[in-house]
Amino acid sequence: MKKTLALSVAAAMLLGTSAFATESVLIDFTMLDGDITIKAQDSDVEIPQNRRTVMDYGINAGATFNQDQKDLMKTSLYLGEWEIVLNSSARNVTSLAESVVVPAPVRESSKQPFAGKNVMGVHVIFPHGAYNANAKVVPPFDIPAYEPLSTADDNGDRQQPTDEEKASGRMLFEADDDTTPAYGLVKNVGTLKSIKVTTMGMNYPHGLYVLLKDNDNVERRYFMGYLGFDGWKQLIWNNPDYISEVRTREIRVYPIYPRGLPFVKFCGFQITRDAMHAGDDFIGYFKDVAIIYDKAELTTERDIADEDLWGIVTRREAARQTFEMSRFGGKQVNRYLEKAKMATEEQFTSSLADGSEGHATGNQ
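What this report covers is the structure whose coordinates are included nearby. (Residues numbered from 1 in each chain as written. Predicted model: local features only at pLDDT ≥ 70, side-chain atom pairs only at ≥ 80, totals over all residues. Heavy atoms only, no water.)

1. Here's the deal with the packing of aromatic side chains
Next, step 1: Going through the model one piece at a time under the given rule, you end up with 13 aromatic pairs.
Next, step 2: Between Phe114 and Trp232, the ring centres sit 4.9 Å apart and the planes meet at 80°, which makes this aromatic pair edge-to-face. Residue Phe114 is located in the loop between strand S7 (100-105) and strand S8 (118-126), and its partner Trp232 is located in strand S14 (residues 230-238); the two are separated by 118 residues in the primary sequence.
Next, step 3: Judged by relative accessible area, which is 26%, Trp232 ranks as partly exposed.
Next, step 4: Members of the aromatic cluster, connected to one another through ring pairs, are Phe29, Trp82, Phe266, Phe269 and Phe286.
Next, step 5: Above the face of the Tyr209 ring, Arg221 is positioned so that its terminal group lies 3.9 Å from the ring centre.
Next, step 6: Directly above the aromatic system of Phe229 lies the positively charged group of Lys233, at a separation of 5.0 Å from the ring centroid. (Phe/Tyr/Trp six-rings, centres within 6.5 Å; stacked < 30°, edge-to-face > 60°. Helix = DSSP H or I, 4+ residues; strand = E, 2+ residues; numbered from the N terminus. Buried < 20%, exposed > 50% of the residue type's maximum accessible area, 1.4 Å probe, protein only. Lys NZ or Arg CZ within 6 Å of the ring centre and 35° of its normal.)

In structure tokens form, the structure reads like this:
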């Protein structure tokens, strides 16, 4: 009887351990097409953006901007909006100007399941000198963890959340359900077991890291491997400290309410170039990032609706959302101001009559 009971308890523990672990696509770059166009009322300027992830930072612009300017103060996770951040050893005029992120269309004839879609295409120019250099591929803003789920119209204006969207309990950058990709945010994440990146290598010897941030605002990087291969490949990081045997784990118990659900969000990639390798161009393509993790908490319906009664999590998340939006909006407004001050002329206006300018006969 004791032996049977022990076997039953062991089986239940193993079943519980496997039931907690789950797989989620943290971000899928094929979902970040420019499917809407942002434009001002009295302007011909048109900017492609991604409808699902569009954010309006014009609310932080102040009263010195007119409505046309505020209409254009929107951005999203559209692939053309992502940025390359070079370390000090890699910065020069050429690398800053030509290192970009673009949507890269996959051929319709490709055998991959994402044929005909756009993946992330990255171009980085590393210096020729024999010293270490690295480049971060980062989103245009820090992905908000507490932006409520809502829809956006054709001009990128966010609508009020519907009752159905409120009832879902999901945030804007979360997946719509457990089977669809997220837009850079996964909640209820305990211990990370594995990370996977689907990328196309082009025989560059550079290293690749994935950058993730948790609910304590701590950013960590995970080494995925080297990109010295040709064609599509899945690079996988396995947690060396992950303990599969539940009996040898350190059990920690946390208060269920109002601690909230831990999360991870995508902060970008880091590409490292060793001093011993040649510099100049780097080209890379990325399709998605997925994670396997233990759930932090079991989501079960409780007899008392704690949040409806106390409202603690709602107040905390509202304050955190306001802070994130203010920080993100301030940075984007400053960028808009800098862009507005940039010279747009490509050449000088001639002071001579048309056709009267002489032709050079020697070196200039």
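2. Observations regarding unusual backbone geometry
Next, step 1: Even without glycine at this site, Asn188 takes up a positive phi of about 65°.
Next, step 2: Locating Asn188 in the fold gives a position in the loop between strand S10 (185-187) and strand S11 (189-202).
Next, step 3: Of note, the phi angle at Asn203 is positive, near 65°, even though the residue is not glycine.
Next, step 4: With respect to the secondary-structure elements, Asn203 resides in the loop between S11 and strand S12 (207-214).

3. Observations regarding the environment of Ser95
Next, step 1: Looking at the element boundaries, Ser95 is found in helix H3 (residues 93-98).
Next, step 2: Residues Ser95 and Val124, 29 residues apart in the sequence, show an inter-C-alpha distance of 7.0 Å.
Next, step 3: If we skip the residues at most four places from it in the chain, Ser95 touches Leu86, Ala90 and Ile125. (Contact = heavy atoms within 4.5 Å.)

4. Here's the deal with the pattern of salt bridges
Next, step 1: Scanning the entire structure with this criterion turns up nine salt bridges.
Next, step 2: Put simply, Asp142 and Lys265 hold a salt bridge, and the shortest N to O gap is 3.5 Å. Taken as a pair, Asp142 in the loop between strand S9 (133-138) and helix H4 (163-168) and Lys265 in strand S15 (residues 263-273) lie far apart in primary sequence, 123 residues in all.
Next, step 3: One salt-bridge network, in which partners are shared between bridges, spans Asp28, Lys287 and Asp288. (Salt bridge = Lys/Arg side-chain N within 4 Å of Asp/Glu carboxyl O.)

5. Some details on the pairing of S15
Next, step 1: With respect to burial, S15 is a largely interior element, ten of its eleven residues being buried.
Next, step 2: Across five bridges, S9 lies against S15 in antiparallel orientation. Its bridge partner lying in S15, Ala135 is registered against Ile271.
Next, step 3: Bridge analysis of S12 against S15 gives eight bridges, and the strand direction is antiparallel. (Pairing = 2+ DSSP bridges.)

6. Side note on the nonpolar core
Next, step 1: Formed by 55 residues in total, the largest nonpolar core has its most connected members in Phe29, Trp82, Met120, Val122, Ile195, Phe266 and Phe269.
Next, step 2: If we ignore the near neighbours within four places in the chain, the residues touching Phe29 are Leu79, Trp82, Asn118, Met120, Phe266, Phe269, Phe286, Lys287 and Asp288.
Next, step 3: Of all hydrophobic cores here, the second largest spans nine residues; its members include Ile38, Tyr57, Leu72 and Met73. (Core = buried A, V, L, I, M, F, W, Y, C linked by side-chain atoms within 4.5 Å.)

7. A short note on the environment of Ser76
Next, step 1: As for its position among the elements, Ser76 is in the loop between strand S5 (74-75) and strand S6 (83-86).
Next, step 2: Looking at Ser76, the relative accessible area reads 0%, which means it is buried.
Next, step 3: In this structure, Ser76 is in contact with Gln49, Asn50, Thr53, Val54, Glu81, Pro140 and Phe141, ignoring residues within four places of it in sequence.
Next, step 4: Of the polar contacts made by the side chain of Ser76, one reaches the side chain of Gln49; its length is 2.6 Å. (Polar contact = N/O pair within 3.5 Å; in protein donor to acceptor, adjacent residues only side chain to side chain.)

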